[in-house]
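Listed here are the chains, written in short residue letters.
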Amino acid sequence: MEITGYTRLAGLIAKPAKHSISPLMHNTAFKANNIDAVYLSFEVEKPQLAAVIKSITALNMIGANVSMPYKMAVIPYLDELSEAAKLIGAVNTIVPSGNGLVGHNTDGNGFMRSLADINVDIIKKEMTIIGAGGAATAICVQAALDGVKKINVFNRQDDFFATSQAKLETIAQKTQCTITLRDLADTKAVNTAIYHSHLLVNATAVGMKPNEDQTALSDFSAFHENLAVYDVIYNPRETKLLQIAKEKGLKTANGLGMLLYQGAYAFELWTGKKMPLEIVKPLVENS
Ligand code: NAD
């Protein structure tokens, strides 16, 4: 694609940012849709964050993604938040509008959309999630908004446990979903929850490279034939947790689907066009 005087800019604001596959996804999608725009990765230092967010408007950018460590830090610089972003308390997509900059969070939507790829339907059903950090909260919010009946959240006794209790209560109050938060060390409670669940999600970094031999769970005896197991990690593609679930013949998914579809939702918010998944999905899978 030729860059002209009309070419518009989109980009990722994060640190680190250079490793991201978002430029590959969005530039491919811009080209396939004949949209005269480019997507770049910007590794931003914290003192520059306010100026960078202001430049989205000043440079008439198409939009921006936000990743670690700025998903919460950008909120004071935005004019409006989507319902999901408000409940999650974090933003991964910024959309310029007539009323200023709107913060969205497409991680949870991306997760929910990716379940269709493994034919898993959890609406009106129960799920169990390990972790109460950013990814877990995004998943809980969208699952609750979409109509999941009950979410059993388990976290170790760290700072996340203390801070997420109030957040999870608010999510439960604003939706029809029952949400509990309990100690991950309570194996009996974990097993009972898994036994009643249709989906188990690891939303911690436990099992990620270089700690591929680790799992956040230590007991897999409650895994049953109607359980699907999802790991938000995509590096490695198959974590130890997924290996164990596969050995038991269960449906599994890694975090690539969540990554792909959060990008697809962001693209749609910026352009009003669908991301050409038939082209972008293989690129993400082979990245
Ligand atoms: P975070 O720092 O916000 O939360 C980390 C969570 O992991 C917390 O709940 C913490 O208590 C828990 N945790 C940390 N170490 C643990 C341990 N040893 N045992 C048990 N629990 C532990 O991080 P996050 O942004 O939620 O990211 C979590 C994972 O999700 C990362 O691997 C990240 O790469 C992945 N992620 C994937 C996608 C995707 O699109 N697939 C999107 C966002 C995040």
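Note that the structure is predicted; figures quoted are calculated from it, not measured. (Residues numbered from 1 in each chain as written. Predicted model: local features only at pLDDT ≥ 70, side-chain atom pairs only at ≥ 80, totals over all residues. Heavy atoms only, no water.)

1. Let's talk about the UniProt feature "domain: Shikimate dehydrogenase substrate binding N-terminal" (unreviewed entry) in the protein chain
Here, the residues flagged by UniProt with the feature "domain: Shikimate dehydrogenase substrate binding N-terminal" (unreviewed entry) are residues 12–94. Counted over residues 12–94, helix gives 33% and strand 22%. Its end C-alpha atoms are 10 Å apart. (UniProt positions renumbered as here; feature names shortened; annotations may be inferred. Helix = DSSP H or I, 4+ residues; strand = E, 2+ residues; numbered from the N terminus.)

2. Quick word on the pairing of strand E9 (residues 178–183)
A regular strand places its side chains so that they alternate between the two faces of the sheet. Alignment of strand E8 (residues 150–155) against E9, held across 6 bridges, turns out to be parallel. From the neighbouring strand, Lys150 faces E9, where its bridge partner is Thr178. (Pairing = 2+ DSSP bridges.)

3. Regarding the domain arrangement of the protein chain
In terms of domain boundaries, the protein chain breaks down into domain 1 (8–105 + 263–285) and domain 2 (109–254). Computed over C-alpha atoms, the centres of domain 1 and domain 2 are 26 Å apart. When domain 1 packs against domain 2, the two sides together hide about 950 Å² of surface, and 62% of this comes from carbon and sulfur. Its largest share of buried area at the contact with domain 2, domain 1 owes to Leu87, Ile88 and Tyr265, together 61% of the area lost on that side. Inspection of the region where domain 1 meets domain 2 yields 1 salt bridge. Notably, a salt bridge pairs Lys281 with Asp117, separated by 3.1 Å at the nearest N-O pair. Where domain 1 packs against domain 2, one counts 2 residue pairs in polar contact (both at pLDDT 80 or more). The class makeup of the residues in the side of domain 1 that touches domain 2 is 6 nonpolar, 2 polar and 3 charged. (Domains from an automatic or database assignment. Buried area = accessible area lost by both parts, 1.4 Å probe. Salt bridge = Lys/Arg side-chain N within 4 Å of Asp/Glu carboxyl O. Polar contact = N/O pair within 3.5 Å; in protein donor to acceptor, adjacent residues only side chain to side chain. Nonpolar A, V, L, I, M, F, W, Y, C, P; charged D, E, K, R; others polar.)

4. Describing a nonpolar patch on the surface
A surface patch of nonpolar side chains, amounting to about 220 Å² of accessible area, comprises Leu24, Ile279 and Leu283. Its relative accessible area of 32% is what places Leu283 among the partly exposed residues. (Patch = residues over 30% accessible without salt bridge, like charges linked within 9 Å, V, L, I, M, F, W, Y side chains within 5 Å. Areas by Shrake-Rupley, 256 points an atom, 1.4 Å probe, with all protein chains shown as cover. Buried < 20%, exposed > 50% of the residue type's maximum accessible area, 1.4 Å probe, protein only.)

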